[in-house]
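A structural walkthrough
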Amino acid sequence: MELSELSKKRLEGVDERLKAIVIECAKRCPYPFNVSEGLRSIELQCEYVRQGKSRTMKSKHLTGEAVDLYPLTMNRKAVDWSRFEELADLMFQVACELGTKIVWGGHWKTFVDKCHFELK
Ligand SMILES: [Zn+2]
């Protein structure tokens with residue numbers, strides 16, 4: 001399903017390889033998802049660490065090598081919390097086809113972050 005204009009805007013500054021995966025994934029995805037964040041400023045990263053939303057100052061968001069994706073309900077009004085694994089499967093499939101290796105935050109052991117995808 002087509003990405004919203006806001007989601008497309010949030011892909012600005014994101015590494016082209018990761019961007020290509022997200023765009024292709026959106027085309028094939030039978031339900032909508034949004035991009036909540038791509039490239040992140042150092043100031044915002046500091047703020048996230050302070051708030052405990054992130055635990056590192058080496059986040060790949062700082063270099064545009066990470067995106068956060070949220071699957072949505074069909075009316076796009078709410079996050080569909082049941083679809084993170086499904087969306088991750090599709091992301092891995094598309095990444096594999098495009099020859100790019102990615103990492104999913106849902107696989108992390110210490111700080112599970114199911115919306116997070118980054119380049120390996
Ligand atoms: Zn993230």
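What comes next is a walk through the structure. As the structure is a prediction and not an experimental result, all values here were calculated from the model.

About the criteria used
As a convention, each chain's residues are numbered from 1 in the sequence order in which they are written. Local features in a predicted model are, by the rule used here, given only for residues with pLDDT of at least 70; side-chain atom pairs are given and counted only at 80 or more, and totals for whole chains, interfaces and linings are based on all residues. Values shown for side chains rest on all heavy atoms present in the structure; no hydrogens or waters enter the calculation. Criterion used throughout: strands pair if DSSP finds at least two bridges between them. Think of it this way: any DSSP run of H or I at least four residues long counts as a helix, any run of E at least two long counts as a strand, and we number them from the N terminus. Inter-axis angles, ranging from 0 to 180 degrees, are taken between N-to-C directions of lines fitted to C-alpha atoms, where helices are fitted over the stretch in contact. Note on donors: an N, O or S atom is included if it sits within 2.8 Å of the metal, or within 3.2 Å for Na, K and Ca, and water is never included, so sites can look incomplete. Exposed residues in this analysis have more than 50% of their type's maximum accessible area, buried residues have under 20%, and partly exposed residues fall in between, with area computed by a 1.4 Å probe over protein chains only. By convention in this document, the label disulfide applies to cysteine sulfur atom pairs within 2.5 Å.

1. Brief notes about the sheet that holds strand E1 (residues 33-37)
With respect to topology, four strands assemble into an open sheet ordered E1-E2-E4-E3, the strand pairing being antiparallel. Only two strands of the sheet have a single partner each, and these edge strands are E1 and strand E3 (102-104). Here the strands of the sheet are splayed against their neighbours by 30 degrees on average, with no regard to which way each runs. In this sheet, strand E4 (residues 116-119) lies alongside strand E2 (residues 66-71) in antiparallel orientation, the contact comprising three bridges.

2. Some words on the coordination of the zinc ion
In the first shell of the zinc ion, the protein supplies His61 (NE2), Asp68 (OD) and His116 (ND1), at 2.0 to 2.1 Å from the metal. Expressed as a motif, the donor residue spacing for the zinc ion is H-x6-D-x47-H. With Asp68 in strand E2 and His116 in strand E4, this residue pair connects regions lying 48 residues apart in the sequence. Like His116, Asp68 is buried.

3. Re the state of the cysteines
Between two cysteines, a covalent bond joining their sulfur atoms is known as a disulfide. This structure, assessed with the given rule, holds zero disulfides. Just so you know, Cys25 is unpaired, no disulfide at all, and the nearest cysteine sulfur is the one on Cys29, 5.5 Å from it. Owing to a relative accessible area of 0%, Cys25 belongs among the buried residues under this scheme.

4. Comments concerning unusual backbone geometry
One non-glycine residue, Arg76, adopts positive backbone phi at about 65 degrees. Assignment of secondary structure puts Arg76 in the loop between E2 and helix H4 (84-97). What makes Arg76 partly exposed here is its relative accessible area of 35%.

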